[in-house]
Amino acid sequence: MFSAIQFVLSDEFSHLKAEQREKLIHEGTGDRVGTASVEIVFDNSDHRIVAVEGTEVRVVRRVNAKRDQYFIDSKSSTRSEQGKINELAISPDSYRLKLLREVAGTRVYDERKEESLKILRETQLVVQVKERKDLRARRSCVKRVFALDCHVTNDLLTVQNRALQASIEQRKLEARFKGMRDEKEALLAEQTERVQKKTELDLLIRDLREDVEKERSGRVRRHFFRSGM
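Since we're looking at a predicted model, the values are computed, not measured.

### Observations concerning the overall build of the protein
Now for step 1: Counting secondary structure elements, the protein contains five helices and four strands.
Now for step 2: Ordering the α and β elements of the protein from the N terminus gives α-α-β-β-β-β-α-α-α.
Now for step 3: Each of the 229 residues in the protein was classed as buried or not, and the buried ones make up 16%.
Now for step 4: The contacts of the protein with a sequence gap of at least 6 include a subset with a gap of at least 24, amounting to 45%.
Now for step 5: Surface summary for the protein: the accessible area is close to 19100 Å², and the carbon and sulfur share equals 56%.

In structure tokens, the structure reads:
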């Protein structure tokens, strides 16, 4: 497998002699062929190879008796355009193991697992931060409610005190008004009594005047009769 990868990507088979090319293209019995090719297909569903938009990357090396041809996704390319893929072909065993994991999809799984764990840790951190904020918000709300309750209680006590003072003042005014009303009634009664006494005195004076007039008239008559006789 790695020999095929090296054939496509490395420089190990880049300077082949005519005999080597002939053996590479055709070896054994049967009809002879003029070309030979090796194709490697890479999974690019996660778009790690950003230069290619497709979900697969096909790398092909085609050789004949005189020249080599390289293709990436059916487009002609040069060896310098192989980029990172060429490095994978000539890399040490540890790096090749990494390549096998990528080809098998295990590295993608590990990366996605690590990404999921990272998202989980970030989510837990966000939840913890949110819980702390909610706790602080609840504490602040309790403090505000307590302060508001104290304020309302103080206002209620103030209103009650004012209502009590108003009730006391009202009672004082009612008592004062009652005293003034009683005093007025007493004055009216006294005035009525004085009017009655004045009326009685006026009647008495009138009667006395009438008596005096009668007495005076009687004296005049008696004097007249005496003088005439």
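Here the narrative resumes.
### Some details on a nonpolar patch on the surface
Now for step 1: There is a patch of nonpolar side chains on the surface, built from Leu 201, Leu 204, Ile 205 and Leu 208 and spanning about 370 Å² of accessible area.
Now for step 2: Its place among the elements puts Leu 204 in helix α5 (residues 106-228).

### Some points on a positive patch on the surface
Now for step 1: A contiguous patch of positive charge, built from Arg 132, Lys 133, Arg 136, Arg 139 and Lys 143, is present on the exposed surface.
Now for step 2: Mapped onto the elements, Arg 136 comes out in helix α5.

### Details of the UniProt feature "coiled-coil region" (unreviewed entry) in the protein
Now for step 1: Within the UniProt annotation, "coiled-coil region" (unreviewed entry) is assigned to residues 170-201.
Now for step 2: The straight-line gap between the two end C-alpha atoms of residues 170-201 is 45 Å; of that span, 100% is helix and 0% is strand.

### What about the pairing of strand β3 (residues 68-72)?
Now for step 1: As defined by bridge partners, strand β2 (residues 56-63) adjoins β3 across five bridges and the pair is classed as antiparallel. When the sheet's bridge partners are listed, Val 63 is paired in β3 with Asp 68.
Now for step 2: Taking the residues between adjacent antiparallel strands as the criterion, β2 and β3 are bridged by four residues.
Now for step 3: As judged from the three bridges shared by β3 and strand β4 (residues 75-77), these two strands associate in the antiparallel manner. Residue pairing across strands places Ile 72 opposite Lys 75, the latter belonging to β4.
Now for step 4: A loop of two residues connects β3 with β4, the two strands running antiparallel in sequence, and Asp 73 in this loop sits at a positive phi of about 55 degrees.

### Side note on the side chain of Arg 61
Now for step 1: Mapping Arg 61 onto the fold places it in strand β2.
Now for step 2: Overall, the relative accessible area of 0% leaves Arg 61 in the buried class.
Now for step 3: A polar contact is formed between the side chain of Arg 61 and the side chain of Tyr 70, at a distance of 3.5 Å.

### Describing the nonpolar core
Now for step 1: By size, the foremost hydrophobic cluster in this structure holds ten residues: Ile 5, Phe 7, Val 8, Ile 25, Ile 40, Phe 42, Val 57, Val 59, Val 63 and Ile 72.
Now for step 2: When contributions to this core are tallied by element, the ones reaching two or more residues are α1 (2-9), β1 (36-43) and β2.
Now for step 3: Contacts of Val 63, omitting those with residues within four sequence positions, involve Phe 7, Arg 21, Leu 24, Ile 25, Gly 34, Thr 35, Ala 36 and Asp 68.

### Quick word on the pattern of salt bridges
Now for step 1: Scanning the model with the defined rule gives six salt bridges in all.
Now for step 2: Where Arg 58 meets Glu 56, a salt bridge forms, and the shortest distance between an N and an O atom there is 3.3 Å.
Now for step 3: For Arg 58, a relative accessible area of 35% corresponds to the partly exposed category.
Now for step 4: If you follow the salt bridges from partner to partner, you end up with Glu 39, Glu 56 and Arg 58 in one network.

### Brief notes about the sheet that holds β2
Now for step 1: In spatial order, the strands read β1-β2-β3-β4; together these four strands make up an open sheet with antiparallel pairing. Every interior strand has two partners, whereas the edge strands, β1 and β4, have only one. Strand-to-strand, the axes of this sheet are offset by a mean angle of 25 degrees, without reference to chain direction.
Now for step 2: On the sheet, helix α2 (residues 18-25) packs against β1, β2 and β3 and is oriented at approximately 125 degrees with respect to β2.

### Describing the side chain of Asn 64
Now for step 1: By secondary structure assignment, the location of Asn 64 is in the loop between β2 and β3.
Now for step 2: A polar contact of 2.7 Å, which involves the side chain of Asn 64, links it to the backbone nitrogen of Arg 67.
Now for step 3: Discounting residues that sit within four places of it in the chain, Asn 64 has contacts with Arg 21, Ile 25, Gly 34 and Thr 35.

### Considerations on the environment of Arg 62
Now for step 1: With respect to the helices and strands, the residue Arg 62 is situated in strand β2.
Now for step 2: On the basis of relative accessible area, Arg 62 is assigned to the partly exposed category, the value being 35%.
Now for step 3: Sequence separation between Arg 62 and Thr 35 is 27 residues, and the spatial gap between their C-alpha atoms is 6.9 Å.
Now for step 4: The contacts of Arg 62, once residues within four sequence positions are left out, are Thr 35, Ala 36, Ser 37, Arg 67, Asp 68, Gln 69 and Phe 71.

Quick notes on the rules
- Residues numbered from 1 in each chain as written.
- Predicted model: local features only at pLDDT ≥ 70, side-chain atom pairs only at ≥ 80, totals over all residues.
- Heavy atoms only, no water.
- Helix = DSSP H or I, 4+ residues; strand = E, 2+ residues; numbered from the N terminus.
- Buried < 20%, exposed > 50% of the residue type's maximum accessible area, 1.4 Å probe, protein only.
- Contact = heavy atoms within 4.5 Å.
- Areas by Shrake-Rupley, 256 points an atom, 1.4 Å probe, with all protein chains shown as cover.
- Patch = residues over 30% accessible without salt bridge, like charges linked within 9 Å, V, L, I, M, F, W, Y side chains within 5 Å.
- Salt bridge = Lys/Arg side-chain N within 4 Å of Asp/Glu carboxyl O.
- Lys, Arg positive; Asp, Glu negative; His and termini not counted.
- Charge placed at Lys NZ, Arg CZ, Asp CG, Glu CD.
- UniProt positions renumbered as here; feature names shortened; annotations may be inferred.
- Pairing = 2+ DSSP bridges.
- Polar contact = N/O pair within 3.5 Å; in protein donor to acceptor, adjacent residues only side chain to side chain.
- Core = buried A, V, L, I, M, F, W, Y, C linked by side-chain atoms within 4.5 Å.
- Axes fitted to C-alpha atoms, helices over the stretch in contact; angles between N-to-C directions.

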